[in-house]
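Observations on the model geometry
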Amino acid sequence: MKAKNTKAWAGRFATAADPRMEAFTSSLAVDRRLAQYDIQGSVAHCRMLVKQKILTRAEGEKILKGLKNVQRELARGRFPFLASDEDIHMAVEAGLIETIGPVGGKLHTARSRNDQVATALRLYLREAVDEIVRGIEALQFSLAKKAKAHMGTVMPGYTHLQRAQPVSLAHHLMAHWEALERDRARFGDCRGRINVLPLGAAALAGTSLPIDRKFVARELGFRSVASNSIDAVADRDFVVEFLSCAALAMTHLSRIAEELILWCSAEFGFARLPDALCTGSSLMPHKKNPDAPELVRAKTGRIFGDLVAMLTVLKALPLSYNRDLQEDKEPAFDAAETLNACLAVTVLCIEGLEVDEVRMAEAAGADFPAAVELVDRLVESGVPMREAHGIVGRLVRSCLEAGLGMADLSSEELARHHPALAGVRPEELTAEASLAAKRSAGSAAPSEVARQVRRALRRAKR
């Protein structure tokens, strides 16, 4: 291919663009990754122009052959990008014209960069969503497998980061599974709104040529065509929605990451990460740092920034297209790549996590694990709940003052707090007994947790 340096819009201007202006306005360094999507859109557009007899069959065949050649050169890394190339779309078009001659200039018939760019970005995000959903499902599967392996592992459940009630590790892990399930559904909904074709809106008002937008939509797998040509080129809601879904998914990953960091600390001692997922200190030879989850935790803020950046671009932006919208791609690309990387490394962390079941069980058994069950016992005997709460609260205080646990109390000592507690046996005051006593749907009851895990693993096999 020869060098390309003529601007597509140069006819209106008496002088060439200032090189400093070219450098400032070029998006080529960012949007090169849209090349394959730009070519996909161009192939479908060309076929439509031939079908509608806007181009001859011979012209269409020549253009399609030229696009294949450009695609091959891009794939081989031999496509000659120039500083004067404004973006990937103009670079591809200029390369096509250099390859097949003036007929290449007919490809842009009945379209504008405005609808062309929006189409390529939608094609990219549609694939990005599919990849992210696969990553979410992989993490869900890892959580469900780890949960199945720890159905009987008891640990403290926390509120306010204080030990609250015993749960199983399986139940805790499946709580993260549920949050990811909402992420999976949100991305699915988002994909439906991404999957709308803007091509054919042209610059903003459509075209007087007899194009067939539905044909192009079918060729590219779009569910529908954009209804309003102005909105079609001005809309970036789908980018904001994608970034919002990514930000919330990263929020959930950051919660997993934070717990892994806490659990692997000496203060908790609940778990260990494999050496391969940790680093050491350049000064302290004894250190083992959980860098993988720490970076997931930090990268969450980066994706929040992508979302805020895109919202700021759109704020008060008048219709229809403005060059501001060139800034839509970098946050979208960054969020997609960062989220996929974080999903993948979190899978490694969950799969490699070594759990100290004894340490977890000891923590779960401390701090009055069956206090709520005693309240329930009193309620079942007819004591109003608020009164029962006060009775057990005073019992806890007396144990603390005496340095005892509930299981250390005799039936007589329990009965002094209320006669309905006289029959409570020490084995009913353990963390395991607390779990076994649960009855409600979705609770930490072993049967309920097993049901949740079975459902998750069945879904993963489909």
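Look up: the structure comes first, before these words.
A brief report on the enclosed structure follows. Bear in mind the structure is a predicted one, so any value in this text is a computation, not a measurement. For every chain, the first residue of the written sequence is number 1, and numbering continues from 1 onward in sequence order. It should be noted that, the model being predicted, local features are given only for residues of pLDDT at least 70 and side-chain atom pairs only at 80 or more, the latter also being counted only at that level, while totals for whole chains, interfaces and linings use all residues. Hydrogens and water molecules were not included; the side-chain quantities draw on all heavy atoms of the structure.

1. As for the overall build of the protein
Helical segments are the DSSP runs of H or I of at least four residues, strand segments are the runs of E of at least two, and each set is numbered from the N terminus. Check the secondary structure of the protein and you find 18 helices and six strands. The size measure is the radius of gyration over C-alpha atoms, and the globule rule it meets is 2.2 Å times the number of residues to the 0.38 power. Relative to its length of 462 residues, the protein is extended, with a C-alpha radius of gyration of 31 Å against a globular reference of 23 Å. Across its three principal directions, the C-alpha atoms of the protein cover 100 × 55 × 40 Å. The rule is simple: take the accessible area with a 1.4 Å probe, protein chains only, and divide by the maximum for that residue type; under 20% is buried, over 50% is exposed, in between is partly exposed. The buried share of the protein, taken over its 462 residues, is 49%. Residue contacts follow a heavy-atom distance rule, with two residues in contact if any of their heavy atoms lie within 4.5 Å. When contacts within the protein are restricted to residue pairs at least 6 apart in sequence, long-range pairs at least 24 apart make up 77% of them.

2. Some remarks on the nonpolar core
For our purposes a nonpolar core is just a set of buried Ala, Val, Leu, Ile, Met, Phe, Trp, Tyr and Cys residues, chained together by side-chain atoms within 4.5 Å. Core analysis: the biggest nonpolar cluster contains 108 residues, and Leu125, Phe187, Phe242, Leu253 and Leu339 have the highest contact counts within it. Among the elements that make up this core, the one with the highest residue count is helix H10 (residues 237-263) (15 residues). Not counting residues up to four positions away in its chain, the partners in contact with Phe187 are Val129, Ile132, Val133, Ile136, Phe242, Cys245, Ala246, Ala249 and Leu339. Judged by nonpolar contacts, the second largest core, of 19 residues, contains Ala371, Val392, Met406 and Leu414.

3. Observations concerning the pattern of salt bridges
Between side chains of opposite charge, pairing is possible as soon as their charged atoms come close. By convention in these notes, a salt bridge is any Lys or Arg side-chain nitrogen within 4 Å of a carboxyl oxygen on Asp or Glu. Scanning the entire structure with this criterion turns up 28 salt bridges. The salt bridge partner of Glu337 is Arg33, with a shortest N-O separation of 2.3 Å. Separated by 304 residues along the polypeptide, Glu337 in helix H12 (residues 329-352) and Arg33 in the loop between helix H2 (28-31) and helix H3 (35-51) bring together distant segments of the chain. Looking at Arg33, the relative accessible area reads 37%, which means it is partly exposed. When the shortest N-O distance is used, the salt bridge between Arg193 and Glu241 registers 2.7 Å. Highlighted residues: Arg193 in helix H7 (residues 169-194) and Glu241 in helix H10, separated in sequence by 48 residues. Its relative accessible area of 46% is what places Arg193 among the partly exposed residues. By relative accessible area, which is 21% here, Glu241 ends up partly exposed. Taken together, the salt bridges that share partners define one network made up of Glu137, Glu181, Arg184 and Arg459.

4. Let's talk about helix H5 (residues 88-100)
The α-helix advances 3.6 residues per turn, and as a result positions three or four apart in sequence lie on the same side. Counted at 1.5 Å a residue, the expected span for H5 with its 13 residues is 18 Å, and the 18 Å between its end C-alpha atoms agrees. Counting buried positions along H5 gives 10 out of 13 residues, so the element sits mostly inside the fold. Among all positions of H5, only Ile88, His89, Met90, Ala91, Val92, Glu93, Ala94, Gly95, Leu96 and Ile100 are buried. For H5, the elements touching its buried residues are H2, H3, helix H4 (57-76) and helix H6 (113-149). By the criterion applied in these results, polar contacts are pairs of N or O atoms within 3.5 Å in which, for protein atoms, one can donate a hydrogen and the other can accept it, and in which residues neighboring in sequence qualify only through two side-chain atoms. One side-chain oxygen of the residue at the start of H5 lies 3.0 Å from the amide nitrogen of His89, identifying that residue as Asp87. Directly beyond the C-terminal end of H5, a positive phi value near 90° is found at Gly101. The length a helix should cover is 1.5 Å for every residue beyond the first.

5. Points about the pairing of strand S1 (residues 154-159)
Of the strand pairs in this sheet, S1 and strand S2 (residues 162-168) are connected by six bridges, and their pairing is antiparallel. Across the sheet, residue Tyr158 finds its bridge partner in S2, namely Arg163. Joining the antiparallel neighbours S1 and S2 is a turn of two residues, in which His160 adopts a positive phi near 55°. For two strands to be treated as a pair, DSSP must find at least two bridges joining them.

6. Side note on the state of the cysteines
The term disulfide refers to a covalent linkage connecting the sulfur atoms of a pair of cysteines. The disulfide criterion is simple: two cysteine sulfur atoms within 2.5 Å. Considering all chains together, one arrives at zero disulfides under this definition. The closest cysteine sulfur to the non-disulfide-bonded Cys190 is located on Cys245, 4.6 Å from its own sulfur. The class for Cys190 is buried, based on a relative accessible area of 1%.

7. Considerations on the packing of aromatic side chains
Pairing of aromatic side chains requires ring centres within 6.5 Å, counting the rings of Phe and Tyr and the six-membered ring of Trp. Pairs whose planes differ by under 30 degrees are stacked, by over 60 edge-to-face, and all others tilted. For the structure shown, the criterion picks out six aromatic pairs. For the pair Tyr158 and Phe268, a centre-to-centre distance of 6.0 Å together with 50° between the ring planes defines the contact as tilted. Here Tyr158 is found in strand S1, whereas its partner Phe268 is found in the loop between H10 and strand S5 (271-272), with 110 residues between them in sequence. For Tyr158, a relative accessible area of 26% gives the class partly exposed. Taking relative accessible area as the criterion, Phe268 reaches 17% and is therefore assigned buried. Connected via pairs of aromatic rings, a cluster forms that spans Tyr37, Tyr124 and Phe333. For a Lys NZ or an Arg CZ to count as sitting over a ring, it must be within 6 Å of the ring centre and within 35 degrees of the ring normal. Here the guanidinium or amino end of Arg122 rests over the ring plane of Phe238, the centre of that ring lying 3.9 Å away. Its guanidinium or amino end placed over the ring of Phe222, Arg126 lies 4.9 Å from that ring's centre, counting from NZ or CZ.

8. As for the packing of H4 against H5
Remark: H4 packs on H5, axes separated minimally by 9 Å, with the N-to-C direction vectors making an angle of 115°. In the crossing of H4 with H5, the sense of the turn from one axis to the other is right-handed. Residues Lys62, Ile63, Gly66, Leu67, Asn69, Val70 and Leu74 of H4 lie in contact with H5, whose contacting residues are Val92, Gly95, Leu96, Thr99 and Ile100. Among the residues forming the contact of H4 with H5, the class breakdown is seven nonpolar, four polar and one charged. Think of each axis as a best-fit line through the C-alpha atoms, taken over the contacting stretch in the case of a helix, with angles from 0 to 180 degrees between the N-to-C directions. By definition, any crossing whose near helix is turned counterclockwise from its far helix by less than a right angle is left-handed, and any crossing with a clockwise turn is right-handed. As a working rule, the residues Ala, Val, Leu, Ile, Met, Phe, Trp, Tyr, Cys and Pro are called nonpolar, Asp, Glu, Lys and Arg charged, and the rest polar, with Gly in that last group.

9. A short note on the side chain of Ser254
Structurally, Ser254 can be placed in helix H10. The contacts of Ser254, once residues within four sequence positions are left out, are Val296, Arg297 and Thr300.

10. Some remarks on unusual backbone geometry
The omega angle of the peptide bond from Leu319 to Ser320 is 5°, so this bond is cis rather than trans. Summarising the element assignment, Ser320 is placed in the loop between helix H11 (291-314) and H12. Even without a glycine there, the phi angle at Leu161 is positive, about 60°. Among the structural elements, Leu161 can be located in the loop between S1 and S2. We classify Leu161 as exposed; its relative accessible area is 55%. Positive phi values are uncommon outside glycine, yet Ala202 reaches one of about 60°. Examined against the element boundaries, Ala202 turns out to sit in the loop between strand S3 (196-197) and helix H8 (213-220).

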